[in-house]
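Structure assessment
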Amino acid sequence: MDIFIQQLINGLVVGSIYALIALGYTMVYGILQLINFAHGEIVMMGAMITISAVSILSGSGVNLPGPLLVVAGLLVSIPITMLLGFTIERVAYRPLRKAPRLAPLITAIGISIVLQQVAVLIWKNNPRSFPDLLPHASHDFMGAVITDLQILIVVLALVVMGGLLIMVEKTKLGRAMRAVSMNQSVASLMGVNINYVISMTFVIGSALGAVAGVMVGANYGLAYPTMGFMIGLKAFTAAVLGGIGNLAGAVAGGLLLGIIESVGAGYLGPITGGVLGSHYQDIFAFMVLILVLVFRPSGLLGERVAERA
Amino acid sequence: MTLARYSLIATAVLALAACGKQEEAPAPDAAGAPAAAAPAGDEVIKIGHAAPLTGNIAHLGKDNENGVRLAIEELNAEGVEIGGKKVKFEMISEDDQADPKTATTVAQRFVDAKVAGVIGHLNSGTTIPSSKLYSDAGIPQISPSATNPQYTLQGFKTAYRVIANDVAQGGALGEFAATNLKAKKVAIIDDRTAYGQGLADEFEKAAKAKGVEVVGREFTTNQATDFMAILTTIKGKKPDVIFYGGMDAQAGPLTQQLKKLGIAAKVIGGDGFQTGEYIKLAGDNAEGQFASQPGMPKDKMPGFADFDKKYKAKFNTDIQIYAPFTYDATRLMVEAMKRAGSADPAKYLPELAKTDYQGVTGPIKFDEKGDIVGGQVTVYQVKAGKWEAVATVGSPAAAPAAAAAPAEQPKQ
Amino acid sequence: MLANIKQSKPAAYAGMAIFAVVLAVLPFVMGATLGNTWVRNLDLAMLYIMLALGLNIVVGYAGLLDLGYIAFYAVGAYVYALLNSPHLVPMLSGTGFEWLLHMPLLVVLPLAALLAGIFGVLLGSPTLKLRGDYLAIVTLGFGEIVRLFMNNLDRPINITNGPQGVNLIEPVSLFGHKFSQAITVFGIEFRSVHLYYYLFLALALLIIVVSIRLQSSRIGRAWVAIREDEIAAQAMGINTRNVKLLAFAMGASFGGVSGAMFASFQGFVSPESFILMESIVVLAMVVLGGMGHIPGVILGAVLLFLTPEVLRDVVNPLQDKLIGERLVNPENLRMLLFGIALIFVMLVRPEGLWPSKQRKAEFHEDDDLKAKDAEKEAAHG
């Protein structure tokens with residue numbers, strides 16, 4: 001039983017990481033109906049820049065407690081990823097807003113490759129170890145183990161979701177976002193500055209990406225230039241699972257996918273007599289993705305919308 | 001557009017391309033010139049070297065290259081006579097990028113350049129596909145570091161290696177786990193790469209043969225960072241030792257997560273994570289874990305101290321891993337040429353098979369497959385943040401070391 | 001088509017003849033000047049041309065973005081590898097299925113094409129309703145699933161030999177001659193690389209001819225109709241489901257042929273040859289050259305195949321000379337260039353480097369209108 005609870009906790013933590021990243025995908029998709037392939041790379045950039053900033057800071061004799069040092073690193077990486085997000089939208093997506101849908105998707109792949117390769121140029125291909133700065137004391141929970149950092153990640157995913165929901169529902173920018181996502185041309189007639197709203201979406205999404213990247217790095221103790229791809233893909237799956245464009249759906253989808261993966265990797269082997277097992281862990285995400293898209297393209301919490309051409 | 005018009009355009013393009021090619025042509029000819037101009041001076045014998053000189057493990061590739069370079073420069077300084085004629089050696093080094101497709105292109109380049117022999121490649125994944133080209137061309141190949149058993153199982157007469165293969169390494173690790181660590185139950189994880197899976201399979205065989213129970217076999221990938229799910233499964237099976245077949249980038253976080261879950265079992269693995277990088281990535285959790293490296297520990301290699309001095313003097317850098325092996329490989333290849341009185345691959349290949357060479361890395365003899373006879377494997381342990389040799393397994397000469405190790409063990 | 005030939009019959013035939021001669025002697029010219037390494041590169045380039053032409057049917061003609069295309073290449077490669085290597089011999093011996101092994105090339109190739117085509121339909125059928133970006137993601141997932149299965153189907157029953165890959169694949173054997181051995185005809189020595197060149201050339205030409213014929217056929221026009229407006233196409237009576245599936249199947253079968261040839265040429269296949277990056281590289285070839293335009297796609301394939309080779313010969317020596325150290329990895333630069341090429345082409349020249357006239361016109365409709373407006377204004381002013 002404690003093993004099962006541990007698997008649930010594992011799934012919850014991984015799922016929260018997916019959820020944090022999925023929020024970024026879902027925000028952009030909700031407004032532009034565009035898969036921002038490069039979001040996984042923004043997550044990677046956030047982690048890598050934070051590591052570099054922290055190592056420079058601690059190397060130059062700044063003596064701060066661990067968590068503050070991480071915050072200082074984030075203060076460096078968040079503006080940079082925000083700028084990256086802004087630039088990506090401006091350069092690669094905005095000129096193609098009226099183009100066939102294939103076009104921005106291809107530039108998105110291009111941006112993703114470019115960011116990844118630039119990261120390889122800067123940091124080389126080897127993994128960087130993430131300094132041990134955040135508290136990670138273990139707690140016992142019904143025979144299973146959970147650390148402070150893991151609790152932080154789960155809480156953070158929920159808090160960020162709550163914050164975004166409040167922003168979308170209550171603020172002026174949020175109202176503008178909703179308007180743009182419903183109908184761009186009408187929104188613009190109503191005096192909404194569409195370009196500003198879209199840019200802000202990318203900026204906020206990228207900042208969240210950086211935070212998510214740091215959480216990934218801290219939790220696993222390392223970061224590397226190619227880390228963004230797989231985790232980005234899974235987060236995207238989570239967003240689709242929950243109903244893309246829906247903030248609460250992204251979190252629900254993330255948690256569900258995390259638990260499917262953990263429990264699947266843990267129990268599928270014994271159930272199928274070793275035919276399927278943990279070696280198919282990565283397949284679960286893709287299978288879920290395909291099944292959801294085929295049978296319920298609107299996801300768990302999404303509304304059924306007419307297909308846009 | 002019509003087929004006919006495509007042809008017209010394509011013809012023009014090709015004609016242009018062909019002209020361009022002709023202009024470029026003199027370059028390779030110039031490169032081949034020393035060989036053609038040989039009668040004037042000494043005869044030049046070309047030896048190919050292939051390893052990844054760019055990318056992730058470029059430092060290892062460069063190290064291999066340095067080993068060959070050192071051997072060749074020494075040989076040239078010593079003045080070697082083959083079949084009564086004075087000869088000079090020349091190294092042609094190529095970058096295979098650790099990529100199978102590039103490796104076969106590189107192999108073709110060597111065949112074109114009519115090299116007398118090849119030292120390489122570094123990875124098993126490049127060595128195996130390229131070995132076919134060398135075999136077809138009859139060019140002897142000695143790999144300093146490819147440990148996949150398949151390499152010498154293909155029946156190629158040209159394929160040799162001077163390092164213990166994964167059968168030996170996995171077997172040694174299995175034996176070490178059973179006798180030295182006195183493991184009763186082991187769990188095995190591999191990263192689903194040719195290297196990780198091959199090593200894990202050999203370990204499993206050896207451990208089972210020693211009566212150790214394999215309580216779990218789990219899998220991950222060489223891109224993974226989250227191992228909590230599989231480690232939780234393993235935790236439930238309470239193994240004494242967890243074997244990981246894979247590289248340091250995964251072994252590091254895996255070791256951390258193991259501790260997080262409160263698993264007390266020791267981690268053991270192959271040369272994939274017997275690196276400084278592993279200690280960095282696993283942090284304090286690396287302490288007390290085991291990993292092996294084929295060959296004797298460097299300080300026990302008969303000629304290492306001398307070689308190390310020469311190497312540092314020449315290249316002003318530390319030896320990574322395989323330089324002594326490429327050095328030995330080059331020298332023993334030339335020895336075979338000397339004995340045969342010819343650098344013609346067809347003539348010296350039979351002599352290469354009969355090699356009995358006392359190298360920097362120890363005695364080298366080949367069995368009928370081309371594997372080194374009695375290749376040794378050393379098991380290291382992280383002590384105070386550094387890898388330290390604790391046992392050498394595999395060869396009769398090293399038996400005392402292996403026997404001595406258990407006595408040391410309880411102290412840790 | 002006919003009209004064109006009538007207009008310039010002699011010139012066209014002369015062109016074709018010269019073209020044929022150039023293609024025929026190319027490997028020997030290259031072999032003599034640059035060495036057989038470049039003949040080998042030529043062979044590999046030919047494989048990529050076949051691959052790119054296959055993807056062109058799906059992406060270029062039918063407008064379905066397929067990010068898992070390399071899976072079909074993998075299927076073709078594994079079909080050839082498993083049926084022409086010792087790997088399955090122990091499993092099949094005594095089961096009555098030994099006839100499966102070592103079938104002649106003219107049976108294996110269609111088989112590889114057929115199986116890859118079936119995989120194409122398998123992928124296509126659940127994704128028919130999806131459009132654009134969803135389709136891209138699902139195909140990407142499909143590609144990864146195929147690779148993961150190849151990597152893991154060594155247990156409990158060893159079918160693919162898992163990550164170890166399949167080794168000792170036999171070379172192609174035609175008319176009783178094994179392609180691994182050189183053959184001398186009329187005093188000219190044809191080596192293995194040369195024989196493969198002619199075989200690949202023949203296959204590439206076949207694929208080109210099929211592509212051209214498809215383009216102007218009923219099906220080809222149906223694909224274009226779907227690409228431009230699916231709803232309108234359906235309204236015009238096109239069975240969009242069947243036509244789309246046909247696009248997937250055709251594209252996949254070209255990939256399968258190419259993969260089978262790759263397996264025989266390389267003699268070794270393992271799942272790491274079929275990663276997502278390969279799919280993206282092939283996509284970049286199609287996009288860069290000009291989606292839907294055969295000469296453009298061929299140009300794209302050749303250009304992108306040659307970049308790493310050229311980069312290798314330029315970047316490394318240059319770095320050695322300038323800084324004495326290899327800081328930048330050509331592979332890294334190559335991928336960077338691919339990424340930039342994808343972005344640049346989409347932004348600046350979405351029709352590709354060498355587009356068809358029709359496609360170019362479509363992408364620049366606005367330009368014409370603007371130009372006309374400008375003219376009008378000028379006339380009025």
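Residues numbered from 1 in each chain as written. Chains lettered and ligands numbered in written order. Predicted model: local features only at pLDDT ≥ 70, side-chain atom pairs only at ≥ 80, totals over all residues. Heavy atoms only, no water.

Now for the sheet that holds strand S11 (residues 290-294) of chain B. Residues and elements named next belong to chain B. With respect to topology, seven strands assemble into an open sheet ordered S8-S7-S9-S10-S11-S14-S15, the strand pairing being mixed. A single partner strand is all that each edge strand has here, and the edge strands are strand S8 (213-219) and strand S15 (386-393). On average, each strand axis in the sheet is tilted by 25 degrees relative to the strand beside it, whichever way the strands run. Judged from the six bridges that link them, strand S7 (residues 185-190) and S8 form a sheet pairing that is parallel. Of the residues in S8, the one forming a bridge with Ile188 is Arg217. Contacts from helix H8 (residues 194-209) reach S7, S8 and strand S9 (241-245), with the element oriented near 165 degrees to S7. (Pairing = 2+ DSSP bridges. Helix = DSSP H or I, 4+ residues; strand = E, 2+ residues; numbered from the N terminus. Axes fitted to C-alpha atoms, helices over the stretch in contact; angles between N-to-C directions. Contact = heavy atoms within 4.5 Å.)

Contacts between the two partners involve 42 residues from chain C, matched on the other side by 46 residues from chain A. In total, about 3900 Å² of surface goes out of reach between chain C and chain A, with carbon and sulfur atoms giving 80% of it. If you sort the residues of chain C by the area they bury against chain A, Asp133, Tyr134 and Ile137 of chain C come out on top, with a joint share of 18%. If you look at where chain C meets chain A, you find zero salt bridges. Between the two partners, chain C and chain A, sit two residue pairs in polar contact (both at pLDDT 80 or more). Put simply, the parts of the chain that give the side of chain C that touches chain A at least two residues each are helix H7 (132-152), helix H12 (276-289) and helix H14 (330-348) of chain C. Counting residues per element, the side of chain C that touches chain A draws most heavily on H7 of chain C, at 14 residues. Classifying every residue of the side of chain C that touches chain A by side-chain character gives 31 nonpolar, six polar and five charged. (Buried area = accessible area lost by both parts, 1.4 Å probe. Salt bridge = Lys/Arg side-chain N within 4 Å of Asp/Glu carboxyl O. Polar contact = N/O pair within 3.5 Å; in protein donor to acceptor, adjacent residues only side chain to side chain. Nonpolar A, V, L, I, M, F, W, Y, C, P; charged D, E, K, R; others polar.)

All names here are of chain B. Of the consecutive residues Gly120 and His121, the connecting peptide bond is found in the cis state with omega at -5 degrees. Structurally, His121 can be placed in the loop between strand S4 (117-120) and helix H5 (124-137). Even without a glycine there, the phi angle at Lys238 is positive, about 50 degrees. Relative to the helices and strands, Lys238 is located in the loop between helix H9 (228-235) and S9. Note on Lys238: relative accessible area 59%, which makes it exposed. (Buried < 20%, exposed > 50% of the residue type's maximum accessible area, 1.4 Å probe, protein only.)

Now for the sheet that holds strand S3 (residues 85-95) of chain B. Residue and element names in this part refer to chain B. Strand order in the open sheet formed by six strands is S2-S3-S1-S4-S5-S6, and the pairing between neighbours is mixed. Pairing within the sheet leaves two strands with one partner each, and these edge strands are strand S2 (80-82) and strand S6 (159-161). For this sheet, the mean inter-axis angle between neighbouring strands, taken without regard to orientation, is 35 degrees. Pairing of strand S5 (residues 141-143) with S6, which is carried by three bridges, proceeds in the parallel orientation. Of the residues in S6, the one forming a bridge with Ser143 is Arg161. Strands in contact with helix H4 (residues 100-112) are strand S1 (43-51), S3 and S4; relative to S3, the strand with the most contacts, it is inclined by about 155 degrees.

Residue and element names in this part refer to chain C. As far as domains go, chain C holds domain 1 (1-34) and domain 2 (35-279). Contact with domain 1, which involves 10 residues of that partner, is made by 13 residues of domain 2. At the boundary of domain 1 with domain 2, total buried surface from both sides reaches about 990 Å², with 73% on carbon and sulfur atoms. Contact with domain 2 buries area across many residues of domain 1, yet Pro27, Phe28 and Leu34 alone supply 49% of it, more than any other trio. Where domain 1 packs against domain 2, one counts zero salt bridges. Residues belonging to the side of domain 1 that touches domain 2 are distributed by class as follows: eight nonpolar, two polar and no charged. (Domains from an automatic or database assignment.)

The subject of this paragraph is the confidence of the model for chain C. All names here are of chain C. Across chain C, the average pLDDT comes to 85, with 90% of residues at 70 or higher. Helix H1 (residues 2-7) is the least confidently modelled element of chain C, averaging 48 in pLDDT, while helix H4 (residues 70-83) averages 95, the highest of any element. In this model residues 1-6 is a low-confidence stretch, pLDDT under 50, and it forms five contacts with partners more than four residues away in sequence or in other chains. (pLDDT = per-residue confidence, 0-100.)

A word on the confidence of the model for chain B. Residue and element names in this part refer to chain B. Per-chain confidence: chain B averages 84 in pLDDT, with 85% of residues scoring 70 or above. Mean pLDDT across the elements of chain B bottoms out in helix H2 (residues 26-36) (37) and peaks in S5 (96). Ignoring residues within four places in sequence, the model shows residues 14-40, a span with pLDDT below 50, making 16 contacts including any to other chains. pLDDT under 50 marks residues 396-412. Its contacts with residues more than four places away, or in other chains, come to 19 contacts.

Moving on, we get to helix H5 (residues 148-170) of chain A. Working note: α-helix, 3.6 residues per turn, so residues spaced by three or four point in the same direction. For H5 of chain A, spanning 23 residues, the distance from its first C-alpha to its last is 32 Å, which sits close to the expected 33 Å at 1.5 Å a residue. Along H5 of chain A, the residues that are buried comprise Leu149, Gln150, Ile153, Val154, Ala157, Val160, Met161, Leu164, Met167 and Val168 of chain A. (Expected span 1.5 Å × (residues − 1).)

Across all of its chains, the model carries 33 salt bridges over all chains by this definition. Taken together, the shared-partner salt bridges connect Asp190, Arg192, Asp201, Glu204, Lys208 and Arg217 of chain B together with Asp154 of chain C into one network.

What follows concerns the nonpolar core. Formed by 228 residues in total, the largest nonpolar core has its most connected members in Phe37, Leu164 and Phe236 of chain A together with Phe200, Met261 and Val269 of chain C. Looking at this core element by element, the count peaks at 18 residues for helix H3 (residues 36-61) of chain C. Domain assignment of the residues forming this core places at least three in each of domain 1 (1-34) and domain 2 (35-279) of chain C. For Met261 of chain C, the contacting residues outside a window of four places in its chain are Leu47, Leu105, Leu109, Val172, Leu199, Phe200 and Leu203 of chain C. Of all hydrophobic cores here, the second largest spans 48 residues; its members include Leu70, Ile72, Phe89 and Tyr322 of chain B. (Core = buried A, V, L, I, M, F, W, Y, C linked by side-chain atoms within 4.5 Å.)

Right, let's get into the domain arrangement of chain B. Residue and element names in this part refer to chain B. Looking at the assigned domains, one finds that chain B contains domain 1 (37-164 + 300-365) and domain 2 (167-294 + 376-411). The gap between the C-alpha centroids of domain 1 and domain 2 is 31 Å. In this assembly, eight residues from domain 1 lie in contact with eight residues from domain 2. Contact with domain 2 buries area across many residues of domain 1, yet Thr147, Pro149 and Ala164 alone supply 50% of it, more than any other trio. Summed over the shared surface of domain 1 and domain 2, the number is zero salt bridges. Summed over the shared surface of domain 1 and domain 2, the result is zero residue pairs in polar contact (both at pLDDT 80 or more).

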